[in-house]
Amino acid sequence: MKLKKIPTGYLFIAPFIIGFLVFGIYPVLNTIGLSFTNTTLMSKTSEFIGLDNFKRLFADAVFIKAVGNTWLIWSLNFIPQIGFALLLSVMFTNARLNIKAKGIWRAVFYLPNLMMPAAVTALFGAIFSYYGPANQLLVRAGFLSEALRFFDSVAFARGMVVFINWWTWFGQTMIIVMAGMTSIPLPLYEAAMVDGASAWQMFTKITLPLLKPILVFIFVTALTGGMQMFDIPYLLTDGRGAPESSIQTSVLLMFLKFNSSKGHIGAASSVGVLIFIMTTVCALGIFYFLRDKEMDDAKPAKKSFFKKNTEESQS
Amino acid sequence: MKRSYIVLSVLVALSMLLAACGAPATEAPAATESPAVEAPAATEAPAATEAPAELEGTLKIWSFTNDTWVIATAFKELHPKVNIEFTMIPMNGGEFQTKVRAAAGTADAPDVVALEAAFVREWVEADGLLADQSDLLPLSQELKSYQAGVDVGTYEGVTKAYTFESTPGAFFYRRSIAKECLGTDDPTQVQAMVSDMTKFVEIAEKIKNCGTKDYYMVGTAGELSSPFFTTREQPWVVDGALVIDPKVVEYVHFAKMMRDNGYESGAGQWSEGWFAGMNDTLKDANGTPKKVFSYFLPTWGLPYVLINNAKAKDGSSDTSGDWAMVKGPMSYQWGGTWIGALEGSKQAALAKEFVKFSCLDEEFLTKLAQGYYTNAKLKEIDPTVPDSLVFNPGDFVSSQVVVEKIIPSFDGSSAAQFLGGQNPYGAFAEMAPNVSGRLIQGTDDAIQRALGDPLGAYLAGTMTEAEMWAAFLTAVGNENPDLVLPEPPVK
């Protein structure tokens with residue numbers, strides 16, 4: 001039968017493909033191209049300088065520190081975030097606990113996510129400013145003898161970024177984890193209960209394995225988001241990662257290079273390229289380590305079966 | 001930190017504009033205070049219409065401030081056949097600069113751009129971005145444009161941008177505290193007491209130990225960064241190498257001394273506490289009221305920052321009338337807006353005419369300073385302008401000729417009443433000629449911002465001075481890869 005080729009399908013996918021090529025692929029390729037040049041916004045000409053931008057990044061330690069900051073802040077935020085999300089989800093989906101007004105709790109936990117990070121950051125910045133309410137409260141209650149400059153402390157500034165990130169995102173993560181948990185068939189738990197499994201055993205042997213695809217999704221999206229952390233550290237202090245560059249994330253560093261007087265977009269692009277490579281490698285790593293091992297085990301078998309077949313056919 | 005100051009100052013300015021439009025009643029007296037404006041305008045109008053050929057065409061103007069919109073509307077009054085396409089782009093996070101840089105050289109490029117003090121110099125220094133406007137220099141000399149403004153717009157002998165305002169900085173102080181602690185509130189005598197940094201520190205000590213000992217000399221020592229940097233011997237960059245002038249080292253030591261001795265309130269510039277000091281609502285963590293004796297602010301700081309914040313939001317206190325202004329220990333300048341035309345504009349002649357009109361037109365600058373462009377007037381010229389668009393009287397314009405002519409018209413103005421009868425225009429007029437723009441370079445902003453974080457850590461005591469300089473040099477090098485870095489002053 002001769003298939004009639006109808007081009008309408010291409011028309012339907014065209015908007016996405018065009019948008020993706022123009023706004024997705026082109027900027028990435030352009031950034032990679034720029035990262036090998038010394039382009040600035042203020043000069044008309046630019047030269048190809050090979051790997052100089054990258055060499056510089058690794059030489060002056062600022063980049064290494066920014067990457068370190070990013071990872072530190074991200075992991076300190078992500079571990080409690082996923083922990084809280086799992087705990088709350090188990091509590092909400094647990095039939096024995098049967099928590100009342102689940103919808104309200106869920107809404108309350110999700111609420112911080114609806115607020116703009118900029119607004120939340122400005123709010124926390126004001127609360128903990130030198131003349132802010134936090135100092136007033138702590139001094140008048142006798143916890144402090146005099147007002148503290150909170151944002152002079154590296155640990156406090158980092159902790160604040162971690163907290164704001166955690167506070168705005170654990171609700172969102174919880175919703176996704178709960179969706180994953182409610183899709184696990186109930187009979188599995190019933191059977192486990194009949195067999196006398198404890199809550200912990202059910203969690204580790206049923207919930208976690210079946211939740212893996214969801215966890216991989218959360219892990220990867222949180223990682224990409226975390227590696228691009230910018231607005232909260234940017235707005236919390238001086239926009240440069242003060243105090244002592246302790247909350248200067250990789251993207252903030254990229255922005256500083258871009259926003260310098262001449263607009264060194266070549267140098268900024270090299271930071272972008274390295275963030276891109278780092279995120280991609282880590283995401284692939286997550287996929288690899290959290291892959292479904294059973295299916296993976298099945299693969300070689302399939303291959304050998306296929307091989308056997310071909311061998312047979314050859315013979 | 002400087003960047004966030006600018007963002008905030010824009011926010012403050014915008015909120016001021018919004019506040020101003022919400023209270024038209026308060027503007028009315030200001031407008032009636034300068035009836036002299038209408039008269040010369042009316043008589044000089046025929047002269048303006050005699051202009052040789054009537055201009056026409058479309059002029060694309062991009063700006064980060066509404067001031068340029070007012071100027072554009074005023075330009076339209078004179079040249080009704082000119083079609084003006086005004087685009088407003090916020091300056092926050094470098095958005096304005098990025099958009100203009102990206103558009104430059106393309107068909108979408110604007111003809112005229114407004115440039116802020118923080119980045120104007122980078123544009124003037126860049127090759128082939130702004131058109132040469134040197135032929136307007138004789139006119140600038142005729143109007144005695146303040147040299148600092150011209151210096152900023154000139155690079156290697158070519159003048160590419162002009163400004164309609166001059167932004168000398170002053171030292172604003174509280175008359176009541178001066179009387180109590182220094183025995184006088186007379187500007188001449190107070191100026192003599194703070195005329196150099198040694199005397200300034202002595203007065204700071206006096207203020208600190210005065211009365212109930214709840215007074216601070218300044219909100220934050222950071223306010224003095226502009227004065228210190230303006231009085232350097234050498235610019236930041238000489239022959240492609242960074243220079244840490246002795247004045248910079250002096251500033252760092254000064255800031256540390258101010259912090260350690262408790263001469264500053266400790267509220268960061270543009271923070272709640274810093275503003276609270278302006279209206280006596282500042283309370284320390286124990287609830288004890290604290291007062292701030294002085295603020296370092298430039299021309300625009302008087303209406304947009306000080307007057308705007310002198311009344312507490314809840315109306316509990318009002319310091320209006322209790323202020324005075326003097327030159328202070330150092331002459332300095334802070335901020336400002338420059339106007340330039342892009343190279344390669346198809347409307348080059350028209351753009352030049354606009355630059356000439358906005359910055360070098362005696363009649364226009366007079367009108368602008370005296371509050372001729374009320375919202376009603378602007379609406380009359382162009383009914384589509386928003387209700388918030390207005391140019392309040394009192395902006396300190398760039399021409400010494402105009403300034404000297406109109407000083408008397410500000411006697412008894414609302415700003416003068418705020419300063420206890422002192423004419424701010426007259427006071428700024430004495431300061432403006434002393435300011436130099438010769439040190440200003442394109443990289444200033446990025447370099448000065450890089451000092452903020454290490455300096456903060458040094459003041460907090462979490463970094464030694466040697467560590468601070470090392471961190472500063474690293475940060476400068478990170479954003480200015482082409483700069484040769486010197487040895488730190490302290491190792």
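Residues numbered from 1 in each chain as written. Chains lettered and ligands numbered in written order. Predicted model: local features only at pLDDT ≥ 70, side-chain atom pairs only at ≥ 80, totals over all residues.

1. Overview of the sheet that holds strand β7 (residues 169–174) of chain B
Residue and element names in this part refer to chain B.
- If you trace the four strands from one edge of the open sheet to the other, you get β8-β11-β7-β12, paired in mixed fashion. Since the sheet does not close on itself, it has two edges, and those belong to β8 (215–218) and β12 (323–326), each with one partner. The sheet shows a mean angle of 20° between the axes of neighbouring strands, taken without regard to direction.
- Taken together, the four bridges between β7 and β12 define a ladder with antiparallel strand orientation. Bridge pairing in β12 places Tyr173 opposite Ala324.
- Those strands touched by helix α11 (residues 197–208) are β8 and β11 (291–298), and its axis lies near 160° from that of β8.
- Running over the sheet, helix α15 (residues 301–309) touches β7, β11 and β12 and is turned about 160° from β11. (Pairing = 2+ DSSP bridges. Helix = DSSP H or I, 4+ residues; strand = E, 2+ residues; numbered from the N terminus. Axes fitted to C-alpha atoms, helices over the stretch in contact; angles between N-to-C directions. Contact = placed C-beta atoms within 7 Å.)

2. Examining the nonpolar core
- With 184 residues, the main nonpolar core has Val161 of chain A together with Val112, Val120, Ala170, Phe172, Leu306 and Leu368 of chain B as its most contacted residues.
- The leading source of residues in this core is helix α22 (residues 444–460) of chain B, at eight residues.
- Setting aside chain neighbours within four positions, we find Val120 of chain B in contact with Leu115, Val152, Ala161 and Trp338 of chain B.
- Residues Trp169, Met174, Val177 and Met178 of chain A belong to the second largest nonpolar core, which totals eleven residues. (Core = buried A, V, L, I, M, F, W, Y, C linked by C-beta atoms within 7 Å. Buried ≥ 20, exposed ≤ 12 C-beta atoms within 10 Å, placed from the backbone.)

3. A short note on the domain arrangement of chain A
Residue and element names in this part refer to chain A.
- Segmentation of chain A into domains returns domain 1 (27–60 + 260–290) and domain 2 (63–258).
- Distance from the C-alpha centre of domain 1 to the C-alpha centre of domain 2: 29 Å.
- Each partner contributes residues to the interface: domain 1 has 18 residues there, and domain 2 has 16 residues.
- Sorting the residues of the side of domain 1 that touches domain 2 by element identifies α2 (52–59) and α12 (265–289) as the ones contributing at least two each.
- When residues of the side of domain 1 that touches domain 2 are assigned to their parent elements, the largest contribution, twelve residues, is made by α12.
- For the side of domain 1 that touches domain 2, the class distribution of residues is 13 nonpolar, five polar and no charged. (Domains from an automatic or database assignment. Nonpolar A, V, L, I, M, F, W, Y, C, P; charged D, E, K, R; others polar.)

4. Here we look at the interface of chain B and chain A
- Contacts between chain B and chain A engage 38 residues on the former and 35 residues on the latter.
- Counting only elements with at least two residues in the side of chain B that touches chain A, the list comes to α1 (2–22), α14 (272–276), α22 and α23 (465–479) of chain B.

5. Re the domain arrangement of chain B
All names here are of chain B.
- Domain annotation for chain B reports domain 1 (2–167 + 335–434) and domain 2 (171–332 + 440–479).
- Counting from both sides, the interface comprises 30 residues of domain 1 and, opposite them, 29 residues of domain 2.
- If one sorts the elements of the side of domain 1 that touches domain 2 by residue count, α1 sits on top with seven residues.
- Here the side of domain 1 that touches domain 2 is composed, by residue class, of 16 nonpolar, eight polar and six charged.

6. Observations concerning helix α6 (residues 117–125) of chain B
- Most of α6 of chain B is tucked away: eight of the nine residues are buried.
- Looking only at α6 of chain B, the buried set comprises Ala117, Ala118, Phe119, Val120, Arg121, Glu122, Trp123 and Val124 of chain B.

7. Section: unusual backbone geometry
- The omega torsion across Ala242 of chain A and Pro243 of chain A is -5°, close enough to zero to call that bond cis.
- The residue Pro243 of chain A is located in the loop between α10 (231–236) and α11 (250–258) in this model.
- Phi angles above zero are rare outside glycine, and Ala61 of chain A is one such case at about 70°.
- Topologically, Ala61 of chain A is positioned in the loop between α2 and α3 (62–93).
- One non-glycine residue with positive phi stands out, namely Asp280 of chain B, at about 65°.
- Here Asp280 of chain B lies in the loop between α14 and β11.
- Judged by the 20 C-beta atoms lying within 10 Å of it, Asp280 of chain B falls in the buried class.

8. Overview of the pairing of strand β3 (residues 112–116) of chain B
All names here are of chain B.
- Counting buried positions along β3 yields five of five residues, so the element is predominantly enclosed.
- Of the two faces of β3, the one holding Val112, Ala114 and Glu116 and the one holding Val113 and Leu115 are both buried throughout.
- Of the pairings in the sheet, the one linking strand β1 (residues 57–63) to β3 comprises two bridges and is parallel in character. Of the residues in β3, the one forming a bridge with Trp62 is Val113.
- Bridge count for β3 against strand β13 (residues 337–341) is five bridges, and the pairing is antiparallel.

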